Structure formats: C-alpha cells, structure tokens
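The residues making up each chain are set out below.
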Amino acid sequence: MFDTTGKKRRAAQAALQYVEEGMVLGIGTGSTVHELIEALKNCKIHLEGAVSSSRQTSEALRAARIPELDLNFAGELPLYIDGADQATAQGALIKGGGAALTREKVLAAASTRFVCIIDDSKLVDVLGAFPLPVEVIPMARSYVARRLLALGGQPVWRDGVVTDNGNVILDVHNLTLSDPVGFETAVNQIAGVVTVGLFARRGADVLIVAGNDGVKTLTP
Ligand code: 5RP
C-alpha cells in the first residue's frame, strides 16, 4: 500500500524516462512536482536548465541547484512536466489548486510534449468535482463571478490568495464538465479572466498515473 505522497513520488520517478541529458525542461508547481525536483536532484541526468511556473518552484529549483532559465530566451521547450488536480484519460485537466495556473498554461502551450503526473485518485471520467480555479484581475472579480454564475457554476473567491501575477482566484463549484473544450473557450471569452484552470484545448500528451498496483502510462 502506498500513501498519496508515495504515489506522487512513483509518478514523478516514472516521468524521468522522458527527461534527456542537456534538456531545457519546463516544470510545473505543487507537491507532485516537488517529488519530481527531488528525483531530478538525485538522478544522474544533467539539465541545461529549467523554466519555472511559480515562485515556489523557483525556490525548489534553487535548492536543488538546477539553473533556472527565462522562457523568453529558452524558445520552444521539448518537455513540460506538471501535476494536476483532476484528469481524464483523454488528457483534459483541471489545474490551479496551487494558484499557479497562468504560468503553467503558458509553459504547457510553449512545450512540444506535456507529461502530467498524478496519483490515481485524480483520474476521473468527467471533470468538475474539483472546483475549477479561474485567475481574474482584481477589479473584475464581481463581474467575472456573475458571468460564471450565468454559465452554471458557483464561484467562490479564494480569499487572501494573490497569485504570482498579482491577481485573485475564483474557485468554481458545482460543475459537470462534459464539454471541457467548450467550457474553456466560454470562460476565456469573459473580460477580466486571465486564465481558466481547464487544460482541455492543450491537455496532457502523456498521463502518468500512480496507484497501489504500479504506474500506468496513458497517451491520450
Ligand atoms: C498548481 C497545480 C498543481 O499541479 C495541482 O494543484 C496539483 O498539485 P499537487 O501535485 O500538490 O497535488 O495546478 O497550480
């Protein structure tokens, strides 16, 4: 039996097979990514550097002595590795539980391959039981909340949280996202929305799912 941390560690370890010597790697945020950075620190693969998706990840990279590179100079990334809050076997994701969704979405978009590492409790048939994070500029918070209500959700302000970009987060409850691409597109149209934590238009290319009976790899 593995606890959740043990499963996250196994998923992170399995992702190392995609990391090549001399690579510039995009790196997400969260506790599963923390396990990835530990695994990178302890393995023999030498990276040219990593592009970080958050201040939290930048700190962990510094502690692991992995050089951090600026995306503006790194160009297209060959590989991005990140966790998720929920995932479908088709590669659609909910992300942003750690409030890093905007930079994470940029890195996913700027990468040739996106490998998502999760424990098996996060694999679902339909997204939505995990409240969908939406990053919003502060003055648009109430307006965007009303638009999200009109789309059928129940937005809740994540009080006290300011993102690395100086914005706020609305967590949208009570959603059943049977058309994740359509919903992502609809939320993207709301003025004041910076990023919706639905990664369906550009989802994961590879899902590494760790459970008690081992690690399985899905290629949506
Ligand atoms: C941060 C994220 C994380 O990937 C997501 O919250 C999963 O985190 P964890 O690996 O700690 O379960 O999207 O914004």
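Residues numbered from 1 in each chain as written. Predicted model: local features only at pLDDT ≥ 70, side-chain atom pairs only at ≥ 80, totals over all residues. Heavy atoms only, no water.

Around the ligand, the surrounding shell holds 17 residues, and the nearest of these are Ser31, Thr32, Asp85, Gly96 and Lys122. Note that an oxygen atom of the ligand is positioned 3.2 Å from one of the backbone N or O atoms of threonine 29. At 3.1 Å from an oxygen atom of the ligand is found a side-chain nitrogen or oxygen belonging to glutamate 104. In isolation the ligand offers 380 Å² of accessible surface; the protein chains occlude 91% of this area. Considered class by class, the residues forming the shell around the ligand number three nonpolar, eight polar and six charged. (Near = heavy atom within 4 Å. Polar contact = N/O pair within 3.5 Å; in protein donor to acceptor, adjacent residues only side chain to side chain. Areas by Shrake-Rupley, 256 points an atom, 1.4 Å probe, with all protein chains shown as cover. Nonpolar A, V, L, I, M, F, W, Y, C, P; charged D, E, K, R; others polar.)

This brings us to the sheet that holds strand β12 (residues 206-211). A sheet is described by the order of its strands in space; here six strands give the open sequence β2-β1-β3-β6-β12-β13, paired in mixed fashion. Either end of the sheet is taken by a strand with one partner, and the two such strands are β2 (49-52) and β13 (214-218). When strand polarity is set aside, the average angle formed by the axes of neighbouring strands in this sheet is 20 degrees. Bridging between strand β3 (residues 77-82) and strand β6 (residues 111-119) involves five bridges; their strand directions are parallel. (Pairing = 2+ DSSP bridges. Helix = DSSP H or I, 4+ residues; strand = E, 2+ residues; numbered from the N terminus. Axes fitted to C-alpha atoms, helices over the stretch in contact; angles between N-to-C directions.)

Judged by how many residues are buried, strand β7 (residues 132-136) sits mostly within the fold: five of five residues are covered. In this sheet, strand β9 (residues 168-173) lies alongside β7 in antiparallel orientation, the contact comprising five bridges. Looking at β9, one finds that proline 133 is bridged to aspartate 171. Pairing geometry for β7 and strand β10 (residues 193-196), over three bridges, is antiparallel. Each bridged residue has a counterpart across the sheet, and for glutamate 135 the counterpart in β10 is threonine 195. (Buried < 20%, exposed > 50% of the residue type's maximum accessible area, 1.4 Å probe, protein only.)

Moving on, we come to the environment of glycine 30. Relative to the elements of secondary structure, glycine 30 occurs in the loop between β1 (24-27) and α2 (31-42). For the pair glycine 30 and aspartate 85, spaced 55 residues apart in sequence, the C-alpha separation works out to 9.8 Å.

At arginine 65, a position not held by glycine, the phi torsion is positive, near 60 degrees. With respect to the helices and strands, arginine 65 occurs in the loop between α3 (55-63) and α4 (71-74). Although it is not a glycine, asparagine 174 adopts a positive phi angle of roughly 65 degrees. Turning to its location among the elements, asparagine 174 is positioned in the loop between β9 and α7 (180-188).

Before going further, it helps to examine a nonpolar patch on the surface. A cluster of nonpolar side chains, namely Ile137, Met139 and Val194, defines an oily patch on the protein surface of about 290 Å² accessible area. Relative to the helices and strands, isoleucine 137 is located in the loop between β7 and α6 (141-150). A relative accessible area of 34% places isoleucine 137 in the partly exposed class. (Patch = residues over 30% accessible without salt bridge, like charges linked within 9 Å, V, L, I, M, F, W, Y side chains within 5 Å. Salt bridge = Lys/Arg side-chain N within 4 Å of Asp/Glu carboxyl O.)

So, about the domain arrangement of the protein. For the protein, the assigned domains are domain 1 (4-123 + 201-218) and domain 2 (132-196). The straight-line distance from the C-alpha centre of domain 1 to that of domain 2 is 24 Å. Each partner contributes to the interface: domain 1 provides 14 residues, whereas domain 2 provides 19 residues. Together, the buried faces of domain 1 and domain 2 total about 1,300 Å²; carbon and sulfur atoms form 52% of this surface. By the criterion of area lost to domain 2, the three top residues of domain 1 are Leu101, Lys105 and Arg201, representing 42% of everything that side buries. Where domain 1 packs against domain 2, one counts one salt bridge. (Domains from an automatic or database assignment. Contact = heavy atoms within 4.5 Å. Buried area = accessible area lost by both parts, 1.4 Å probe.)

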